[in-house]
Amino acid sequence: MSDTAANTGDAPSRDTDDPTAERVATDLSAVVGWLLRRLRSSSADSLLTPSQRSVLARLDDGGPATTAALARAELVRPQSMRLTLGALETQGFVTRAPDPADGRKSLVSVTEEGSAVLAAVRAAKRSWLADAITAELDGAERRTLAEAAELIGRLVDT
């Protein structure tokens, strides 16, 4: 990334003279970070913290889980996960039930209200991004972005 781009927050330069893998990795990391921050801010009125959104998404996508399993998956301490789950439970977004495989444990599940809040957060993010794409990119650029999304998907799947 050029010094100007790094200092101003502008997008990385579009130097296409066969950039090195390191250069692409640096630029892509920066742009993805900016994108994630913008997506988070597009749903700021949801009253969920980023960690609460992440846990709700994990439960919604992966199904019920124990506190310990969620803590491992989110790379946090069990105590921190208990606090996050407590806040979500207070808001009515998750519920606990005895684990049928081990009655000493409980499984946390997302509630219908939690799924609805998560769907609204996801819709706000998609809406902001779709609006930005429509406003800023022409047809050829949208096709290029679609191809880039496929390539990034391949990288993530490796």
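This report concerns the structure included in the present document.

Within the protein chain, the regular secondary structure consists of seven helices and two strands. Reading the protein chain from its N end, one meets helices and strands in the order α-α-α-α-α-β-β-α-α. When contacts within the protein chain are restricted to residue pairs at least 6 apart in sequence, those whose partners lie at least 24 apart make up 49%. With an accessible surface of roughly 10700 Å², the protein chain has 55% of that area assigned to carbon and sulfur atoms.

Right, let's talk about a nonpolar patch on the surface for a bit. A contiguous nonpolar patch, built from Ile152, Leu155 and Val156 and spanning about 290 Å² of accessible area, is present on the exposed surface. By relative accessible area, Val156 is classed as exposed at 62%.

So, on to helix α4 (residues 67-74). Here α4 has its buried residues at Thr67, Leu70, Ala71 and Glu74. Summarising the axial view, the buried residues of α4 lie within an arc of 100°, below the 170-degree limit, and thus occupy one face. Contact partners of the buried residues in α4: α3 (50-62), α5 (78-90), β1 (94-99) and β2 (102-110). Leu75 sits one or two residues past α4 and shows a positive phi near 60°.

Before going further, it helps to spend a moment on the pairing of β2. Across a regular strand the side chains alternate sides, sitting on one face of the sheet and then on the other. For β1 and β2, the ladder comprises six bridges, and the chain directions are antiparallel. Within β2, the residue paired with Val94 across the bridge is Val110. Connecting β1 to the next strand, β2, in antiparallel fashion are two residues.

With that settled, the discussion passes to the pattern of salt bridges. One pass over the structure, following the stated rule, counts six salt bridges. Here Arg104 makes a salt bridge to Asp102, at a shortest N to O gap of 2.9 Å. Take Arg104: its relative accessible area is 77%, and that puts it in the exposed class. By sharing partners, the salt bridges in this structure join Asp60, Asp61 and Arg122 into a single network.

Right, let's talk about helix α7 (residues 139-157) for a bit. Compared with an ideal rise of 1.5 Å per residue, which puts 19 residues at 27 Å, α7 spans 27 Å between its outermost C-alpha atoms and is within 8% of the ideal. Near the N-terminus of α7, the side chain that reaches the backbone nitrogen of Ala140, with its oxygen 3.1 Å away, is that of Asp138.

Glancing now at the nonpolar core. Counting residues in hydrophobic clusters, the biggest one holds 18 residues, and the most contacted among them are Leu48, Val55, Leu56, Leu59, Leu70, Leu85 and Leu88. Considering each element in turn, this core owes the most residues, four residues, to α3.

As a further point, take the packing of α3 against α5. The interhelical angle for the contact between α3 and α5, taken along N-to-C directions, is 80°, at an axis separation of 10 Å. Looking at the two axes, α3 sits roughly perpendicular to α5. When α3 is examined against α5, the residues Ser51, Gln52, Val55 and Leu56 are found in contact with a partner set consisting of Met81, Thr84, Leu85, Ala87 and Leu88. Of the residues in the contact of α3 with α5, the class split is six nonpolar, three polar and no charged.

Procedures and definitions
Residues numbered from 1 in each chain as written. Predicted model: local features only at pLDDT ≥ 70, side-chain atom pairs only at ≥ 80, totals over all residues. Heavy atoms only, no water. Helix = DSSP H or I, 4+ residues; strand = E, 2+ residues; numbered from the N terminus. Contact = heavy atoms within 4.5 Å. Areas by Shrake-Rupley, 256 points an atom, 1.4 Å probe, with all protein chains shown as cover. Patch = residues over 30% accessible without salt bridge, like charges linked within 9 Å, V, L, I, M, F, W, Y side chains within 5 Å. Salt bridge = Lys/Arg side-chain N within 4 Å of Asp/Glu carboxyl O. Buried < 20%, exposed > 50% of the residue type's maximum accessible area, 1.4 Å probe, protein only. Arc of directions from axis to C-beta. Pairing = 2+ DSSP bridges. Expected span 1.5 Å × (residues − 1). Polar contact = N/O pair within 3.5 Å; in protein donor to acceptor, adjacent residues only side chain to side chain. Core = buried A, V, L, I, M, F, W, Y, C linked by side-chain atoms within 4.5 Å. Axes fitted to C-alpha atoms, helices over the stretch in contact; angles between N-to-C directions. Parallel < 35°, antiparallel > 145°, perpendicular 65-115°, else oblique. Nonpolar A, V, L, I, M, F, W, Y, C, P; charged D, E, K, R; others polar.

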